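Architecture and fold: a report
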Amino acid sequence: MPALDHSLRIDLPEMAMQKLPVAYSANYVRYAVGILTVVYIFNFTDRQILSILMQPIKEEMQLSDTQLGFLSGIAFAIFYATLGLPIARLADRYSRVNIITISLSIWSLMTTFSGMAGNFYQLLAARIGVGVGEAGGSPPSHSLIADFVPIQNRSTALGVFSLGVPLGLLAGFLIGGWLEELYGWRIAFFAVGAPGLILAVILRLTLKEPPRGHSQGGVKQDAEQSSMKQVVRYMWGLRTFRHIAAGAALMGFAGYGVIQWLPSFLHRSHHMNGGEIGSWLALIIGVGGAIGAAGGGYLADRLSKRDMRWQLWLPALGASMGAPFAFGVYLSEMTAMALGYLFIPMIFISFYLGPAVAMTQTLAPVNMRATASAVLLFVINLIGLGLGPQAVGIMSDLLRPAYGDDSLRYAMLLVSMFYVWGAYHFVLAAKTLREDLAQAGN
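Quick look at the structure, then. (Residues numbered from 1 in each chain as written. Predicted model: local features only at pLDDT ≥ 70, side-chain atom pairs only at ≥ 80, totals over all residues. Heavy atoms only, no water.)

Here the focus is the pattern of salt bridges. One pass over the structure, following the stated rule, counts 13 salt bridges. A salt bridge links R309 to D307; the nearest nitrogen and oxygen atoms lie 2.8 Å apart. Judged by relative accessible area, R309 falls into the partly exposed class, the value being 22%. Here R400 makes a salt bridge to D405, at a shortest N to O gap of 3.1 Å. Note on R400: relative accessible area 28%, which makes it partly exposed. Several salt bridges converge on common partners, so that one network encompasses K58, D65, R268, R400 and D405. (Salt bridge = Lys/Arg side-chain N within 4 Å of Asp/Glu carboxyl O. Buried < 20%, exposed > 50% of the residue type's maximum accessible area, 1.4 Å probe, protein only.)

Encoded structure:
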C-alpha cells in the first residue's frame with residue numbers, strides 16, 4: 001500500500017489547535033488511514049469472493065443465474081444498505097473504533113460459515129450475515145478519516161481508503177481462484193474469513209478515536225445529535241448530494257454487475273479455469289482499480305485547487321472514457337483481447353470512488369458525517385450492489401435460449417452502458433457544488 005505523502009499533515013490554525021485535547025502526528029494519521037484501508041480490503045475480499053466461486057457453487061448446488069444474482073446482489077445488499085443507517089447513527093454518537101471492530105468480527109465469522117453451507121438457503125443465510133456485519137464498516141471509517149484529515153487532502157486520503165475495493169478484489173480473485181481450483185470453494189471461504197478475526201483485535205488495540213471535527217478545529221462532544229430524518233432531509237436537500245448519490249449508484253449498478261459476473265463470463269465464453277481467472281482478474285482489476293482509486297483521489301485534490309468542481313468533473317470524465325471499452329471486452333472472441341480491453345477502463349471508472357465520498361463528508365456537518373455516508377451508501381448499495389448483479393443474472397437467463405452460454409456476455413454489455421448515465425449525474429452535481437459548499441460553510 002503506498003504511503004501517504006506529507007500533504008496529509010494536519011495543519012490547523014493556532015487557535016484551533018488550542019481547542020483540541022489531543023494532536024496526532026503525521027505518521028499516526030497515515031497509520032490510521034492505512035489500517036482502515038486494510039479493514040476495507042478485508043471487507044471487499046469477504047464480500048466479493050463469492051464472484052470467483054459462483055461457477056463451482058452453481059454446478060454443485062444446481063443453481064440458476066437468477067439465484068446466483070440474488071445471492072450476490074439483493075440478499076446481501078438489502079441488509080448491508082438498510083442496517084448501515086442505524087449503525088451509522090450509533091457511530092455519530094459512540095466509539096467508531098468499537099463499532100468497526102465488532103462489525104469486522106461479525107462479517108469475518110459469517111464468511112467462514114459460508115464455507116459450511118450445504119444448500120442454497122444455508123449459503124443465503126451466511127451471506128446475509130456477511131451483509132449485516134459489513135454494514136458497520138464503511139460509514140464509521142469515512143467519518144474517522146474526515147476527522148483525521150483536513151478538507152484540502154480529504155479526497156487523497158479517501159482515495160487511498162478506496163484502494164480497499166480493487167485490492168480486496170485482487171485478494172479475493174487470486175486467493176479464491178487458486179484455492180478453489182486446488183482445494184475446493186469451501187476452503188476459499190475459510191481462508192479469507194478467519195484472518196479478519198485477528199485484524200479486529202489489532203484494530204481495537206492500536207486505533208485511537210479522534211475528537212469529532214478534529215481536522216476542522218473540533219466540536220463539542222456533547223453536541224446535540226440530529227435525528228435520522230433531519231440528516232436525510234438536510235443531505236437530500238442539497239442538489240449536489242442528490243446527483244452524487246445518483247451518479248455513484250449508477251456507477252455501482254454497472255460496476256457490481258460486471259465484477260460479480262466476470263469470472264463466470266471468462267469461464268463460459270473463454271473456457272478459462274479458476275486459477276487463470278483469479279490471476280488475470282487480480283492483475284487487471286486489482287492493479288488497474290488501485291491506480292484509478294488512488295490516482296483519482298490525488299488528481300481530484302490537485303485539480304480542485306484551481307476549481308473545486310474538478311472533484312466531480314473527474315469522475316464524469318473517467319466514466320465517459322471507460323464505458324466504450326466494454327464493447328471490446330464482451331464482443332472480442334480472443335481471450336487476450338478481451339482481457340486487454342478490460343484493464344484501461346478499470347483505471348478510469350475507479351476515479352469516482354474517493355471524490356464521491358470526500359464531497360459527501362465535506363457537505364455534511366461534522367456530527368452528521370457517519371450518517372451522511374450511510375445515506376450515500378444506502379443509495380449506492382441498494383441500487384448498485386442490490387440490482388446490478390441481479391439484473392445481469394435475469395438478463396442472462398432471458399437471453400440463454402437464443403445465445404446459450406454467450407447470453408452472459410450480452411447481459412454484461414448492456415449493464416456496462418449505465419456508466420454513461422452515471423457520468424451525466426456527476427456533471428449535474430458539479431453545477432451546484434459551489435452553492436452547496438457555501439451553504440455547508442466550506
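Counting 130 residues, the largest nonpolar core has I57, L207, L262, Y330 and M412 as the members making the most contacts within it. The element that contributes the greatest number of residues to this core is helix α2 (residues 26-61), accounting for 16 residues. The contacts of L262, once residues within four sequence positions are left out, are L281, I285, Y330, L342 and M412. Judged by nonpolar contacts, the second largest core, of five residues, contains A300, L314, F348 and F351. (Core = buried A, V, L, I, M, F, W, Y, C linked by side-chain atoms within 4.5 Å. Helix = DSSP H or I, 4+ residues; strand = E, 2+ residues; numbered from the N terminus. Contact = heavy atoms within 4.5 Å.)

Counted according to the given criterion, the structure contains 15 aromatic pairs. Ring geometry for Y40 and F44: centres 5.6 Å apart, planes at 85 degrees, overall edge-to-face. On the criterion of helical spacing, the pair formed by Y40 and F44 is a turn pair, its members being four residues apart in helix α2. For F44, a relative accessible area of 3% puts it in the buried group. With 4.4 Å between their ring centres and 5 degrees between their planes, Y40 and F161 make a pair best called stacked. On the criterion of sequence distance, the pair formed by Y40 in helix α2 and F161 in helix α8 (residues 154-161) is long-range, its members being 121 residues apart. The pair formed by Y40 and F161 is uniform in burial state, with each residue classed as buried. (Phe/Tyr/Trp six-rings, centres within 6.5 Å; stacked < 30°, edge-to-face > 60°.)

A word on the environment of G73. Checked against the element boundaries, G73 lands in the loop between α3 (65-72) and α4 (74-91). Among all residues touching G73, those that are not within four sequence positions of it are L385, G386 and P389.

Attention now moves to the packing of α3 against helix α19 (residues 369-403). Relative orientation of the contacting elements α3 and α19 amounts to 175 degrees, with a least axis distance of 8 Å. When the interaxial angle is binned, α3 and α19 end up roughly antiparallel. Seen from α3, the contacting residues are D65, T66, G69, F70 and S72; seen from α19, they are L385, P389, Q390, G393, I394, S396, D397 and R400. Broken down by class, the residue content of the contact of α3 with α19 amounts to four nonpolar, six polar and three charged. (Axes fitted to C-alpha atoms, helices over the stretch in contact; angles between N-to-C directions. Parallel < 35°, antiparallel > 145°, perpendicular 65-115°, else oblique. Nonpolar A, V, L, I, M, F, W, Y, C, P; charged D, E, K, R; others polar.)

Together, L109, F113, M116, L174, I175, W178, L182, Y183, I187, F190 and L197 make up a nonpolar patch on the protein surface, roughly 1000 Å² of accessible area in all. Among the secondary structure elements, those contributing two or more residues to the nonpolar patch are α5 (96-114), α9 (164-183) and α10 (185-193). At five residues, the largest contribution of residues to the nonpolar patch is made by α9. Following the sequence through the fold, M116 ends up in the loop between α5 and α6 (120-134). Here M116 falls in the exposed class, since its relative accessible area comes to 53%. (Patch = residues over 30% accessible without salt bridge, like charges linked within 9 Å, V, L, I, M, F, W, Y side chains within 5 Å. Areas by Shrake-Rupley, 256 points an atom, 1.4 Å probe, with all protein chains shown as cover.)

This part is about the side chain of R268. The topology assignment puts R268 in helix α13 (residues 239-270). A residue is classified by how much of its surface remains accessible, and R268, at 6% relative accessible area, is buried.

Here we take up the side chain of T371. Mapped onto the elements of the fold, T371 is located in helix α19. Taking the relative accessible area as the measure of exposure, T371 reaches 0% and is therefore buried. What T371 contacts, discounting residues up to four positions off in sequence, is A88, R89, D92, M228 and V231.

All right, on to α5 then. For α5, which comprises 19 residues, the first-to-last C-alpha distance of 27 Å matches the rise-based estimate of 27 Å (1.5 Å per residue) to within 8%. Backbone nitrogen of V97 and a side-chain oxygen of the N-cap are separated by 3.4 Å at the start of α5; the cap is S95. (Expected span 1.5 Å × (residues − 1). Polar contact = N/O pair within 3.5 Å; in protein donor to acceptor, adjacent residues only side chain to side chain.)

This brings us to the environment of P401. With respect to the secondary-structure elements, P401 resides in helix α19. A relative accessible area of 74% means that P401 is categorised as exposed. In sequence terms P401 and A248 are 153 residues apart; their C-alpha atoms lie 33 Å from each other.

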